[in-house]
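Chain by chain, the residues:
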There are 2 protein chains.
Amino acid sequence: MTPPRPLGIDVGGTKCLGVVLDGDGAVAAEARRETPKNAPALVDALADIVGELGSAPAVGVGLPGLIDRDGTLVASAHLGAMAGLRLAARLEDRLGVPVRVGNDATFATWAERTLGAGRGCDDMVMVTLGTGIGGGIVAAGRLVLGRNGFAGEFGHMVVDPGGPPCPCGRQGCWERYASGSGLARLARDAALGGRIGRVVELAGGDVHAVRGEHVQQAAREGDAGARAVVDAFARWVAIGLVNLTNALDPQVFVLGGGLAEGADLYLAPIDRWFTELLYGGSVRPRPTLRFAALGPCAGAVGAALLAAGDG
Amino acid sequence: MTPPRPLGIDVGGTKCLGVVLDGDGAVAAEARRETPKNAPALVDALADIVGELGSAPAVGVGLPGLIDRDGTLVASAHLGAMAGLRLAARLEDRLGVPVRVGNDATFATWAERTLGAGRGCDDMVMVTLGTGIGGGIVAAGRLVLGRNGFAGEFGHMVVDPGGPPCPCGRQGCWERYASGSGLARLARDAALGGRIGRVVELAGGDVHAVRGEHVQQAAREGDAGARAVVDAFARWVAIGLVNLTNALDPQVFVLGGGLAEGADLYLAPIDRWFTELLYGGSVRPRPTLRFAALGPCAGAVGAALLAAGDG
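Residues numbered from 1 in each chain as written. Chains lettered and ligands numbered in written order. Predicted model: local features only at pLDDT ≥ 70, side-chain atom pairs only at ≥ 80, totals over all residues. Heavy atoms only, no water.

**Side note on helix 1 (residues 39-53) of chain B**
All names here are of chain B.
Now for step 1: In this model, helix 1 (15 residues) spans 21 Å end to end at C-alpha, consistent with the 21 Å of a helix rising 1.5 Å per residue.
Now for step 2: Buried residues in helix 1 make contact with strand 1 (7-11), strand 2 (15-21), strand 3 (27-34), strand 4 (59-63) and helix 2 (87-95).
Now for step 3: Its side-chain oxygen at 3.0 Å from the backbone nitrogen of alanine 41, asparagine 38 defines the N-terminal cap of helix 1.
Now for step 4: Glycine 54 lies just past helix 1 and shows a positive phi near 95°. (Helix = DSSP H or I, 4+ residues; strand = E, 2+ residues; numbered from the N terminus. Expected span 1.5 Å × (residues − 1). Contact = heavy atoms within 4.5 Å. Polar contact = N/O pair within 3.5 Å; in protein donor to acceptor, adjacent residues only side chain to side chain.)

Structure representation (structure tokens):
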């Protein structure tokens, strides 16, 4: 009989995904629940997932937002109603096993580092380009958590202090440009300027309905206006990657999140801008850019690995 | 008889400073040489300093610029003529003891962490605000070097892509704003706008001669225009510190470099802007800002500590 294996759960804005890994790190079993709207229901849903997947010696749970080192949800855009929830303590009481709770992108970083696109890299930065931007840092083979566990919140690095307002209250945060919503914003600006007729057509003729996928589709068809939007977007992504290179000097960047699905379209222009903008580019080894390998399971996989005492 | 102690040397643009530490980490002896203009003379000068300070079981040497993990000077604004110098190997041949060569600001970071303003902090970022900006990172009690040893080059993080050109070839690098030369530039812009008459007076009536120290002096006299320049400068410093907080979540920032001498003038406005701009500031513990404690010896002290196998 195989001994029970660590179990990881990723809590997303709409669903929770639980996984158990086999001895090679492959996903051996999965369970899903809708993400509840309040704290007691979340604890129930997570306990339910654990019940469905069977006994585990330890459980990891990744969530979006600021999670402190005690496993308390300090703040979250998606789970704001649950702020203050001492999730690790609550789940340990309920399940009777050690529970590690942390940021979903930090956990995904560890999964990509261990089993995915950053395998074998001791100095790696993951950037998740989704609705917003998150990420995580591995330095000398260890996950960088920071004093409170909040390291890797790259989306609110200011890259343009005179830029558009961010819901966080500041202006010109990186995720105003380099996220999925940033791409849509760049596209709507171009549409209002009349430069991307085909993209607007794909959005049903409504400039305000323009989204990233319309830009993607038009760019794949070869539309010049859409390609220019992709190029502007790629430049903003590269600016942030260059800044992180200056600070952290990684060997590899792993790009994940929803935009990783458009890898074929984005990787070449991001790579070109990154080379052009890199400080010391002519004399320094250039970090490699790769898209994430583990897909939407990464957060849950990382939670399982870290629950097992990894990292 | 005391056993020989590790020896550290800091190579500056104009002079080299060597130190030996006593058992408490205090500087027990110092030696100085002018910084030579070519590689063989630099190796001679460093060997000379070691000769003057006596035998050492290991030697550390910090230099400005990109130094790789093998101790080769890859690039340096101040020592450009020596690019490619395999300094660690050359000195080991010459001295017959292990030599660790690295970036001066990275080494200063370790000194401040061990003996200075970051003492006891496992998650700390040092930012040196001098002519340019450098720095270093301590995460979970260990120095973050990056893949090549280039981590901590904060000065060329882009904070304003449409901003003034930087000698590095890009636009809007942080050190265009938040360094000593950035302060002077902000002051000259204000002077050309006629807003800081007293500062120009202190610079002998020549707008182009305006430097940071003139701003400092006028601000200390209470001149409103000079205080506004200090405030604008402080905001740019804070923007970079906020970005580094998002990425690294340190407990403490240690601010060093030449501007640390104006600590009384800068700390309060930097602190105010930092609080105002910090992402999640209402819910997260706020990193503490402190000025460096070890002064211009920090690089040499860190070199000695790291040569001893620390870090």
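**Structural notes on the domain arrangement of chain A**
All names here are of chain A.
Now for step 1: Each assigned domain of chain A is listed here: domain 1 (7-111 + 297-307) and domain 2 (121-292).
Now for step 2: When the area that domain 1 buries against domain 2 is broken down by residue, the three leading residues are Arg69, Thr106 and Thr109, summing to 45%.
Now for step 3: Put simply, domain 1 and domain 2 have zero salt bridges between them.
Now for step 4: At the boundary of domain 1 and domain 2, one finds four residue pairs in polar contact (both at pLDDT 80 or more).
Now for step 5: The set of elements that each furnish at least two residues to the side of domain 1 that touches domain 2 consists of strand 5 (66-67), strand 7 (99-103) and helix 3 (104-115).
Now for step 6: Per-element accounting of the side of domain 1 that touches domain 2 gives the leading share, five residues, to helix 3.
Now for step 7: The class makeup of the residues in the side of domain 1 that touches domain 2 is seven nonpolar, four polar and three charged. (Domains from an automatic or database assignment. Buried area = accessible area lost by both parts, 1.4 Å probe. Salt bridge = Lys/Arg side-chain N within 4 Å of Asp/Glu carboxyl O. Nonpolar A, V, L, I, M, F, W, Y, C, P; charged D, E, K, R; others polar.)

**Quick word on the packing of aromatic side chains**
Now for step 1: According to the stated counting rule, one finds six aromatic pairs over all chains in the structure shown.
Now for step 2: Seen in terms of ring centroids, A:Tyr177 and A:Trp236 are 3.7 Å apart; in terms of plane orientation they differ by 20°. Their pairing is stacked. Of this pair, A:Tyr177 sits in helix 4 (residues 175-178) while A:Trp236 sits in helix 8 (residues 224-248), and the two are 59 residues apart along the sequence.
Now for step 3: Plain terms: the ring middles of A:Phe253 and A:Phe274 are 5.9 Å apart, the flat faces sit at 85° to each other, and that makes the pair edge-to-face. A residue pair is termed long-range when its members are at least 10 positions apart, and A:Phe253 in strand 11 (residues 252-256) and A:Phe274 in helix 9 (residues 263-277) qualify at 21 residues. By the burial criterion, A:Phe253 is buried, and A:Phe274 matches it.
Now for step 4: It is A:Arg235 that lies over the ring of A:Trp273; its NZ or CZ is 5.9 Å from the centre.
Now for step 5: When the ring centre of B:Tyr177 is taken as reference, the NZ or CZ atom of B:Arg185 above it lies at 4.9 Å. (Phe/Tyr/Trp six-rings, centres within 6.5 Å; stacked < 30°, edge-to-face > 60°. Buried < 20%, exposed > 50% of the residue type's maximum accessible area, 1.4 Å probe, protein only. Lys NZ or Arg CZ within 6 Å of the ring centre and 35° of its normal.)

**Some remarks on the packing of helix 3 (residues 104-115) of chain B against helix 10 (residues 298-307) of chain B**
Residue and element names in this part refer to chain B.
Now for step 1: Between helix 3 and helix 10, whose axes approach to 7 Å, the crossing angle comes to 80°. Considering the angle they form, helix 3 stands roughly perpendicular to helix 10. On the side of helix 3, the interface is formed by Asp104, Phe107, Ala108, Trp110, Ala111, Glu112, Thr114 and Leu115, while helix 10 contributes Ala298, Gly299, Val301, Gly302, Ala303, Leu305 and Leu306.
Now for step 2: Across the contact of helix 3 with helix 10, the residue classes break down as ten nonpolar, three polar and two charged. (Axes fitted to C-alpha atoms, helices over the stretch in contact; angles between N-to-C directions. Parallel < 35°, antiparallel > 145°, perpendicular 65-115°, else oblique.)

**A few points about the packing of helix 5 (residues 180-192) of chain B against helix 8 (residues 224-248) of chain B**
Residues and elements named next belong to chain B.
Now for step 1: The interhelical angle for the contact between helix 5 and helix 8, taken along N-to-C directions, is 140°, at an axis separation of 10 Å. In terms of axis orientation, helix 5 runs oblique to helix 8. In the packing of helix 5 onto helix 8, the handedness of the crossing is right-handed. Contacts between helix 5 and helix 8 involve Leu183, Leu186, Ala187 and Ala190 from the former and Val229, Ala232, Phe233 and Trp236 from the latter. (Left-handed = near helix turned anticlockwise from the far one by under 90°.)

**A look at the nonpolar core**
Now for step 1: In this structure, A:Val127 and B:Val127 are the most contacted members of the largest nonpolar core, which totals 112 residues.
Now for step 2: The contacts of A:Val127, once residues within four sequence positions are left out, are A:Ile133, A:Gly134, A:Gly135, A:Phe154, A:Trp174, A:Leu241, A:Leu244, A:Phe253, A:Val254, A:Leu255 and A:Gly256. (Core = buried A, V, L, I, M, F, W, Y, C linked by side-chain atoms within 4.5 Å.)

**Looking at the interface of chain B and chain A**
Now for step 1: Taken together, the contact between chain B and chain A spans 44 residues of the former and 44 residues of the latter.
Now for step 2: With both sides pooled, the region where chain B packs onto chain A buries about 3,700 Å², and carbon together with sulfur makes up 58% of that total.
Now for step 3: Contact with chain A buries surface across chain B, with B:Arg147, B:Asp249 and B:Tyr279 losing the most and accounting together for 16% of the total.
Now for step 4: Seen at the junction of chain B and chain A, the total is zero salt bridges.
Now for step 5: At the boundary of chain B with chain A, the tally comes to 24 residue pairs in polar contact (both at pLDDT 80 or more).
Now for step 6: Among the elements that line the side of chain B that touches chain A, the one with the most residues is helix 8 of chain B, at nine residues.

**What about the sheet that holds strand 8 (residues 124-129) of chain B?**
All names here are of chain B.
Now for step 1: Judged by pairing direction, the sheet is mixed, and its five strands sit side by side in the order 10-9-8-11-12 without closing on themselves. Each edge of the open sheet is held by one strand with a lone partner, namely strand 10 (142-144) and strand 12 (288-291). Put simply, the sheet's adjacent strands are angled 25° from each other on average, direction ignored.
Now for step 2: Where strand 9 (residues 133-139) and strand 10 come together, three bridges link them in antiparallel fashion. Its bridge partner being in strand 10, valine 138 is matched across the sheet by leucine 143. (Pairing = 2+ DSSP bridges.)

**Describing the side chain of B:Thr35**
Residue and element names in this part refer to chain B.
Now for step 1: Positionally, threonine 35 belongs in the loop between strand 3 and helix 1.
Now for step 2: Assessed through its relative accessible area of 7%, threonine 35 is described here as buried.
Now for step 3: From its side chain, threonine 35 meets the backbone nitrogen of lysine 15 in a polar contact 3.1 Å long.
Now for step 4: Here threonine 35 is in contact with Val11, Gly12, Gly13, Thr14, Lys15, Cys16 and Leu79, once residues within four sequence places are set aside.

**Section: the pattern of salt bridges**
Residues and elements named next belong to chain A.
Now for step 1: Tallying each qualifying case throughout the model produces 26 salt bridges over all chains.
Now for step 2: Across the salt bridge formed by arginine 185 and aspartate 189, the nearest N and O atoms sit 3.4 Å from each other. You can see arginine 185 and its partner aspartate 189 sitting in helix 5 (residues 180-192), four residues apart, about one turn around the helix.
Now for step 3: Assessed through its relative accessible area of 40%, aspartate 189 is described here as partly exposed.

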